[in-house]
Amino acid sequence: MNKNIYLVELFQKDYKATWDLQAELLQSIVDLKIKNRREEKQLRTNNYFLFVEHPHVYTLGKSGDMSNLLLNEQQLKDKGASFYKINRGGDITYHGPGQIVGYPILDLENFFTDIHKYLRLLEEIIIKVIHEYGLKGERSEGETGVWLDVGTPFARKICAMGIRTSRWVTMHGFALNVNTNLGYFDNIIPCGIKGKAVTSMEAELGKKIPQEEIKEKILKHFKNLFEVDEFIKKTSF
């Protein structure tokens with residue numbers, strides 16, 4: 001069992017290139033797990049955590065509905081945005097500057113084998129982070145992610161989540177709106193949920209929040225909740 005996690009800071013990186021990297025890392029872990037079982041070995045599998053900020057992009061999950069994208073191909077180009085149909089759960093979302101995206105690529109057999117628990121812990125991390133800024137994050141029944149003012153006409157989502165797993169190895173993750181331009185969400189029906197708004201920490205607090213500060217808090221709570229031994233900074237593969 002390996003509870004160390006390689007921490008990779010990708011800064012601003014193209015969505016497709018990051019998706020390809022995630023898939024490569026996931027497959028490397030899966031391949032080792034298969035080899036271990038075939039050869040009855042106990043070689044340790046790696047875990048990774050990628051931080052990234054994407055240029056403007058819309059992504060549609062495998063169960064998503066294309067009608068939730070309200071732009072055609074030319075309008076996407078005009079807004080400098082790209083679009084991908086991808087292999088995570090969930091519907092449509094937006095990624096862009098001012099948003100912190102976290103992609104944990106974990107072998108859950110190093111931690112626990114419970115997808116429901118995994119998602120709830122990701123939500124709990126974000127709830128704890130924004131609580132440090134006086135924001136009360138909540139879960140909304142049947143809707144993955146973190147919300148504010150659940151159960152009121154003013155419910156709004158501050159963090160979207162969507163994952164994929166293979167042989168207990170995770171990819172994709174969460175997107176926390178910190179200093180995000182919320183206007184880009186007007187071009188979609190976020191997560192396929194009509195009549196619900198999207199917000200950011202900047203919009204709620206009336207000021208920009210240092211993103212490096214948020215990342216440190218995310219890692220602090222991640223380490224505690226997942227009982228991580230150590231985050232090890234990694235700059236190359």
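Definitions and limits used
- Residues numbered from 1 in each chain as written.
- Predicted model: local features only at pLDDT ≥ 70, side-chain atom pairs only at ≥ 80, totals over all residues.
- Heavy atoms only, no water.
- Helix = DSSP H or I, 4+ residues; strand = E, 2+ residues; numbered from the N terminus.
- Rg over C-alpha atoms; globule rule 2.2 N^0.38 Å.
- Buried < 20%, exposed > 50% of the residue type's maximum accessible area, 1.4 Å probe, protein only.
- Contact = heavy atoms within 4.5 Å.
- Areas by Shrake-Rupley, 256 points an atom, 1.4 Å probe, with all protein chains shown as cover.
- Lys, Arg positive; Asp, Glu negative; His and termini not counted.
- Charge placed at Lys NZ, Arg CZ, Asp CG, Glu CD.
- Expected span 1.5 Å × (residues − 1).
- Polar contact = N/O pair within 3.5 Å; in protein donor to acceptor, adjacent residues only side chain to side chain.
- Axes fitted to C-alpha atoms, helices over the stretch in contact; angles between N-to-C directions.
- Parallel < 35°, antiparallel > 145°, perpendicular 65-115°, else oblique.
- Left-handed = near helix turned anticlockwise from the far one by under 90°.
- Pairing = 2+ DSSP bridges.
- Core = buried A, V, L, I, M, F, W, Y, C linked by side-chain atoms within 4.5 Å.
- Phe/Tyr/Trp six-rings, centres within 6.5 Å; stacked < 30°, edge-to-face > 60°.
- Lys NZ or Arg CZ within 6 Å of the ring centre and 35° of its normal.

Enquirer: Quick question: what am I supposed to make of the overall build of the protein here?
Expert: The helix and strand inventory of the protein stands at five helices and 12 strands. Over its C-alpha trace the protein gives a radius of gyration of 18 Å, about what one expects of a compact globule, namely 18 Å for 237 residues. Each principal axis of the C-alpha distribution contributes one length, and for the protein these read about 55 × 40 × 35 Å. Counting every position in the protein, which comprises 237 residues, the buried fraction comes to 51%. Look at the contacts in the protein between residues 6 or more apart in sequence, and 75% of them connect residues 24 or more apart. Approximately 11300 Å² of the protein is accessible, and the part contributed by carbon and sulfur atoms is 48%. Distance from the positive charge centre (33 side chains) to the negative charge centre (31 side chains) of the protein: 3 Å.

Enquirer: Whenever I open this one, helix 3 (residues 115-131) confuses me. Can you help?
Expert: Side chains three or four residues apart in an α-helix point the same way, a direct result of the helix having 3.6 residues per turn. With 17 residues, helix 3 should reach 24 Å at 1.5 Å per residue; the first-to-last C-alpha distance of 24 Å fits that figure. Within helix 3 the residues assigned to the buried category are Tyr118, Leu119, Leu121, Leu122, Glu123, Ile125, Ile126, Ile127, Val129 and Ile130. Its side-chain oxygen at 3.1 Å from the backbone nitrogen of His116, Asp114 defines the N-terminal cap of helix 3.

Enquirer: Sorry, what's going on with the packing of helix 3 against helix 5 (residues 211-226) here?
Expert: If you want to describe how two helices pack, look at the angle between their axes and the distance between the axes. Look at helix 3 against helix 5: their axes get within 9 Å of each other, and the N-to-C directions meet at 135 degrees. In terms of orientation, helix 3 and helix 5 fall into the oblique class. Where helix 3 crosses over helix 5, the two elements pack in a sense that is right-handed. Listed contacts from helix 5 to Tyr118, Leu121, Leu122, Glu124, Ile125, Lys128 and Val129 of helix 3 are Ile214, Lys217, Ile218, His221, Phe222, Leu225 and Phe226.

Enquirer: It is not clear to me how the pairing of strand 9 (residues 156-166) should be interpreted in this structure. Could you clarify?
Expert: Within a regular strand, side chains alternate between the sheet's two faces. Within strand 9, eight of the 11 residues are buried, which leaves it mostly tucked inside the rest of the structure. Here strand 9 pairs with strand 11 (residues 197-198) via two bridges, running parallel. For Arg156, the partnering residue across the bridge sits in strand 11 and is Ala197. By the bridge criterion, eight bridges tie strand 9 to strand 10 (residues 169-177) in an arrangement that is antiparallel. By the bridge assignment, Met161 is partnered in strand 10 with Phe174. Where strand 9 hands over to strand 10, the hairpin turn is made up of two residues, of which Arg167 adopts a positive phi near 50 degrees.

Enquirer: Would you explain the nonpolar core in this entry?
Expert: Across soluble globular proteins, nonpolar side chains show a tendency to be buried alongside one another. Ranked by internal contacts, the top residues of the largest apolar core, which has 38 residues, are Phe49, Met201, Ile214, Phe222 and Phe226. For this core, the elements supplying multiple residues, two or more each, are strand 1 (4-12), strand 2 (48-53), helix 3, strand 8 (143-148), strand 9, strand 10 and helix 5. In terms of residues, this core owes the most to one element, helix 3, which gives nine residues. Those residues in contact with Met201, other than ones at most four positions away along the chain, are Ile130, Tyr133, Leu135, Ile158, Leu176, Asn177, Val178, Gly206, Lys207, Ile209 and Ile214.

Enquirer: Mind showing me how you'd approach the environment of Phe111 here?
Expert: Following the sequence through the fold, Phe111 ends up in the loop between strand 6 (99-105) and helix 3. What makes Phe111 buried here is its relative accessible area of 11%. In sequence terms Phe111 and Asn2 are 109 residues apart; their C-alpha atoms lie 8.2 Å from each other. What Phe111 contacts, discounting residues up to four positions off in sequence, is Asn2, Lys3, Ile5, Asn47, Leu106, Phe226 and Val228.

Enquirer: Any chance you could explain helix 1 (residues 15-39) here in plain terms?
Expert: For helix 1, which comprises 25 residues, the first-to-last C-alpha distance of 36 Å matches the rise-based estimate of 36 Å (1.5 Å per residue) to within 8%. Of all the residues in helix 1, the buried ones are Tyr15, Thr18, Trp19, Leu21, Gln22, Leu25, Leu26, Ile29, Val30, Lys33 and Asn36. For helix 1, the side-chain oxygen to backbone nitrogen distance between the N-cap and Lys16 is 3.0 Å, and the N-cap itself is Asp14.

Enquirer: Can you help me understand the packing of aromatic side chains in this one?
Expert: Working definition: an aromatic ring pair is given by the centre-to-centre distance plus the angle between the planes. Tallying each qualifying case throughout the model produces 15 aromatic pairs. Consider the rings of Tyr15 and Tyr84, whose centres lie 5.7 Å apart with planes at 25 degrees: the pair is stacked. Taken together, the positions of Tyr15 in helix 1 and Tyr84 in strand 4 (residues 82-85) put the pair 69 residues apart, joining distant regions of the chain. Both rings, one in Tyr118 and one in Phe226, keep their centres 5.9 Å apart while their planes meet at 75 degrees; by these two values the pair is edge-to-face. With Tyr118 in helix 3 and Phe226 in helix 5, this residue pair connects regions lying 108 residues apart in the sequence. Counting every residue linked through ring pairs, the aromatic cluster contains Phe49, Phe51, Phe111, Phe112, Tyr118, Phe174, Phe222, Phe226 and Phe231. Here the guanidinium or amino end of Lys117 rests over the ring plane of Phe112, the centre of that ring lying 4.4 Å away. The ring of Tyr6 carries the charged tip of Lys234 above its face, separated from the ring centre by 4.9 Å.

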